[in-house]
Amino acid sequence: MAKKAKFSFNGLSIEADLKKVDRKKIYGWSSIEVYDENKSKCKLAGLAEGKYILPTGSTSLVMLNTKGENISRSELVGLDRSGKRVDKVPSVYDRTVMLREATVDEYLSLSVKSVYQLNIEEKKEDFLKVLNAGKIFYFVFNYREDYEGDDAYLISNENEVFAITGMLSEPEFLGLQDNEQELVAEDIDDIEDTDEGDLDFAMF
Amino acid sequence: MIRYINLANAKKRDAEITFKSLNPKPAVIMGFANGAQVLNKRVIKSTSSISTQSLLSKYNDKPTKGVDFQMQLAGRLAEDLILADPEIDLELTGKFIDDVSRVYINEEQKPVFRINKVEKIFSPSAKLKKERAPKYNECNITGEDIVKWSGKLMPKTQVYNKFVFAKKYQLRHVNGLTYDFLFDMAKELSDKDSLMMLAGGASGKEPLVMNDGGKPYRAFLEGRIKGEKYCLILHLTDLELKPLPSE
């Protein structure tokens, strides 16, 4: 039986199992296959120092202390930006998740990471009624106990309830004098990886 | 790197402005409780010359009657792995590497220099629908291209649960003129409490491709106002908020 998360708001409690909404399952997908001149299938690999060929899985990330000794993740703790230790955020499956009402603007500031469809067996109609009236609920989402939870919102599209998870962005309000702030280097890694093929889609 | 976008307003007046990603960075990092530094390094575990496939190809054994040949070779390799450790290169295993280029390798794990690419398109039920030469999407938000207001204004309260807005960018002015241009745009959208669908390409109806080779996204512009300050957020989506198909 699927694990269930328990959500509570204003005395109304629901239990639901969360199913990840994968774009592939809705629109399908495309993949690019590569062949050499002899029509033999090729794979992408790494090339280090111009001579070592590193097929997928040939490298690993390791964590070291200042003496160069290998350390395990269990020796580390979560630290915030000021270097203060943070507590672990429990999994949504480990305790009742208390919901708080949120605004559309707050929800629209979310950079979305994942979408889950909630399978609710009892009181689904009651909860849908609340959400279909335009209510949005905020909670902290963590699939497993960890040091940082995601921001998450419960919304409905009339017939189903979804949990949209990600991280809240912090857009700035810009005045006339704020144009100089744009002259900062933007992270190159934000530019998409162009290797992934994808379906062109027409949703309207 | 400053990134530019050509944006037109409702009156079809266009201006080149900049934009910045709004994807937040993690607020928590992993470290020692005493604040000591943790170094992350990438190391080599193995290379193609000591991969299972390469090691198997070194045997010149002949098939034994009544024995699966693959199993015969695997058994031989298993013995060698225990006795001689051929899968470990003492010079390379654990070596730190920083700069790794990417190459295509064939089934013999040798680099190839001429390749053909085929794009395979699958249905949601994993059926192959068609094969074609890969489609390359060119950036259509800058240069000759102008991102236009489509005229499709959607109230926030109606659009938030129709699409999943995966990516966000903040639009920024570059001078006094573009400040006025963007402020007016933000005010109009804020007053109407709505998002405007933006589109690109020659037809003015195409989804936006933010960089060469990138994915196409439908785009919606949101405007917020606080006194003399504005905030314009470009929301990108490639997913409608739809239930999963029943299995």
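About the thresholds
Residues numbered from 1 in each chain as written. Chains lettered and ligands numbered in written order. Predicted model: local features only at pLDDT ≥ 70, side-chain atom pairs only at ≥ 80, totals over all residues. Helix = DSSP H or I, 4+ residues; strand = E, 2+ residues; numbered from the N terminus. Rg over C-alpha atoms; globule rule 2.2 N^0.38 Å. Buried ≥ 20, exposed ≤ 12 C-beta atoms within 10 Å, placed from the backbone. Contact = placed C-beta atoms within 7 Å. Expected span 1.5 Å × (residues − 1). Arc of directions from axis to C-beta. Pairing = 2+ DSSP bridges. Nonpolar A, V, L, I, M, F, W, Y, C, P; charged D, E, K, R; others polar. pLDDT = per-residue confidence, 0-100.

## Things to note about the overall build of chain B
A count of helices and strands for chain B gives four helices and 14 strands. The globule rule puts the C-alpha radius of gyration for 247 residues at 18 Å, and the 27 Å found for chain B is more than 25% above it. For the C-alpha atoms alone, the extent of chain B along its principal axes is close to 80 × 55 × 40 Å. Taking all 247 residues of chain B together, 28% fall into the buried category.

## Considerations on the overall build of chain A
Counting secondary structure elements, chain A contains three helices and 14 strands. A burial count over chain A gives 26% of its 204 residues as buried. Taking all contacts inside chain A whose residues are at least 6 apart in sequence as the whole, residues at least 24 apart take part in 63%.

## Describing helix α4 (residues 176-192) of chain B
Residues and elements named next belong to chain B. Over its 17 residues, α4 extends 24 Å from the first C-alpha to the last, a length consistent with the 24 Å expected when each residue adds 1.5 Å. Considered for burial, the residues of α4 that qualify are Tyr-179, Leu-182, Phe-183, Met-185, Ala-186 and Leu-189. Summarising the axial view, the buried residues of α4 lie within an arc of 165°, below the 170-degree limit, and thus occupy one face. Exposed and oriented more than 90 degrees from the buried face of α4 are Gly-176, Leu-177 and Asp-191. For α4, the elements touching its buried residues are β2 (14-21), β10 (163-172), β11 (194-199), β13 (216-226) and β14 (229-240).

## Remarks on the sheet that holds strand β7 (residues 70-71) of chain A
Read across the open sheet, the four strands follow the order β7(A)-β6(A)-β4(B)-β5(B); overall the sheet is antiparallel. In this open sheet, the two strands that pair with only one neighbour each are β7 of chain A together with β5 (96-97) of chain B. Across two bridges, strand β4 (residues 39-44) of chain B lies against β5(B) in antiparallel orientation. Counterpart to B:Arg42 in the pairing with β5(B) is B:Ile97.

## Topic: the interface of chain A and chain B
Contacts between the two partners involve 92 residues from chain A, matched on the other side by 94 residues from chain B. Along the lines of polarity and charge, the residues of the side of chain A that touches chain B split into 46 nonpolar, 23 polar and 23 charged. Taken together, the three bridges between strand β8 (residues 77-79) of chain A and strand β3 (residues 29-31) of chain B define a ladder with antiparallel strand orientation. In the sheet register, A:Gly78 faces β3(B), and the bridge partner there is B:Met30.

## Here we look at the confidence of the model for chain B
Predicted confidence across chain B gives a mean pLDDT of 92, with 100% of residues reaching 70 or more. Two summary scores accompany this predicted model of the complex, namely pTM at 0.85 and ipTM at 0.85.

## Description of the pairing of strand β2 (residues 12-20) of chain A
Residue and element names in this part refer to chain A. Of the strand pairs in this sheet, strand β1 (residues 5-9) and β2 are connected by five bridges, and their pairing is antiparallel. Note that in β2 the partner of Lys-6 across the bridge is Glu-15. If you look at the hairpin formed by β1 and β2, you'll find two residues sitting between the two strands, and Asn-10 has a positive phi there, around 50°.

## Let's talk about unusual backbone geometry
The backbone phi angle of B:Lys12 is positive, close to 65°, even though this residue is not glycine. Structurally, B:Lys12 can be placed in the loop between β1 (3-8) and β2.

## A few points about the confidence of the model for chain A
Residues and elements named next belong to chain A. Overall, the prediction assigns chain A a mean pLDDT of 87, with 87% of residues at 70 or greater. With pLDDT under 50 throughout, residues 182-189 is counted as low confidence; its partners more than four residues away or in other chains account for twelve contacts. Below a pLDDT of 50 lies the segment residues 193-204, which in the model reaches 20 contacts outside its immediate sequence neighbourhood of four places, other chains included.

## Brief notes about the pairing of β4(B)
Two strands pair when backbone bridges link them, and strand β6 (residues 59-64) of chain A and β4(B) are joined in this way by six bridges, in the antiparallel orientation. For A:Thr59, the partnering residue across the bridge sits in β4(B) and is B:Ile44.

## Observations regarding the environment of A:Tyr116
Residue and element names in this part refer to chain A. Along the chain, Tyr-116 turns up in strand β11 (residues 110-120). For Tyr-116, a count of 22 C-beta atoms within 10 Å translates into the label buried. Taking the C-alpha atoms as reference points, Tyr-116 and Lys-67, separated by 49 residues in sequence, lie 43 Å from one another. Those residues within four positions of Tyr-116 in sequence are excluded, and the remaining contacts are Leu-18, Lys-19, Lys-20, Val-21, Phe-162 and Ala-163.

## Remarks on helix α2 (residues 69-84) of chain B
Residue and element names in this part refer to chain B. Taking 1.5 Å of rise per residue, the 16 residues of α2 would be expected to cover 22 Å, and the 22 Å separating its terminal C-alpha atoms lies within 8% of that figure. Of all 16 residues in α2, zero are buried, a share of ten percent or less. Looking at the residues trailing α2, positive phi occurs at Asp-85, about 50°.

## A look at the sheet that holds strand β12 (residues 136-141) of chain A
All names here are of chain A. The strand order across the open sheet built from eight strands is β9-β1-β2-β11-β14-β13-β12-β10, with neighbouring strands paired in mixed fashion. Two strands lie at the open edges of the sheet, namely β9 (97-98) and β10 (100-102), each paired on one side alone. As paired strands, strand β13 (residues 150-156) and strand β14 (residues 161-168) are joined by six bridges and run antiparallel to one another. Across the sheet, Tyr-153 pairs through a bridge with Ile-164, a residue of β14.

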